[in-house]
Amino acid sequence: QVQLVESGGGLVQAGGSLRLSCAASGSIFRINAMGWYRQALGKQRELVATITSGGRNDYADSVKDRFTIFRDNAKNTVDLQMSRLKPEDTAVYYCNAEMQIWPWVPVNTYWGQGTQVTVSS
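In this report, the structure presented in the accompanying data block is examined. This structure is a prediction, so every number in the text was calculated from the model and none was measured.

1. Side note on the sheet that holds strand β1 (residues 3-7)
Sheet architecture is open: 4 strands sit in the order β1-β3-β8-β7, paired in antiparallel fashion. Every other strand in the sheet has two partners, leaving β1 and β7 (67-72) as the edge strands with one partner each. Pairs of neighbouring strands in the sheet enclose a mean axial angle of 15°, with direction left out of account.

2. Focus on the state of the cysteines
This structure, assessed with the given rule, holds 1 disulfide. Covalent S-S linkage joins Cys 22 and Cys 95, the inter-sulfur distance amounting to 2.0 Å. Between Cys 22 and Cys 95 the sulfur-sulfur dihedral comes to about -80°; the bridge is accordingly left-handed. With Cys 22 in strand β3 (residues 18-25) and Cys 95 in strand β9 (residues 91-100), this residue pair connects regions lying 73 residues apart in the sequence. For the pair Cys 22 and Cys 95, a shared accessibility class is recorded, and that class is buried.

3. Description of unusual backbone geometry
Phi is positive for Asp 65, which is not a glycine, with a value near 75°. Structurally, the position occupied by Asp 65 is in the loop between β6 (57-59) and β7. The phi dihedral of Asn 76 is positive, around 55°, even though this residue is not glycine. Examined against the element boundaries, Asn 76 turns out to sit in the loop between β7 and β8 (77-82).

4. What about the pattern of salt bridges?
Tallied over the full model, the rule gives 5 salt bridges. For Arg 19, the salt bridge goes to Asp 79, with nearest N and O atoms at 2.6 Å. Of the two residues, Arg 19 is situated in strand β3 and Asp 79 in strand β8; the sequence distance between them amounts to 60 residues. A relative accessible area of 43% places Arg 19 in the partly exposed class. The partner of Lys 64 in a salt bridge is Asp 61, with the nearest N and O atoms 3.2 Å apart. Beyond isolated ion pairs, a larger network of salt bridges with shared partners links Arg 38, Glu 46, Arg 66 and Asp 89.

What counts and what doesn't
Residues numbered from 1 in each chain as written. Predicted model: local features only at pLDDT ≥ 70, side-chain atom pairs only at ≥ 80, totals over all residues. Heavy atoms only, no water. Pairing = 2+ DSSP bridges. Helix = DSSP H or I, 4+ residues; strand = E, 2+ residues; numbered from the N terminus. Axes fitted to C-alpha atoms, helices over the stretch in contact; angles between N-to-C directions. Disulfide = S-S within 2.5 Å. Buried < 20%, exposed > 50% of the residue type's maximum accessible area, 1.4 Å probe, protein only. Salt bridge = Lys/Arg side-chain N within 4 Å of Asp/Glu carboxyl O.

Written as structure tokens, this is what we have:
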């Protein structure tokens, strides 16, 4: 059984920092891209940052120069370092991974259950 488990969410004051971590476990053949998405109350889920297995990353404009995504391919983890947090960053943050469970099968998208990040002013 493949699963993604997030950790690191919580309550922080504006201007502070948090680090989110996600670990993939189970029967994994390979992991392609990994990333973080978020969904604020009353809004659609949006991309925050993604990173390929080769280390190329992509960020939403709203978090560039504040957030950093990085991964450990050997440990099947992806982290999101968030700095200079703003109240508008408040959302449930979800870990995402594009994975193959076995060779010769399609790549599927997997999601964690989410972790709440709340930024107070």
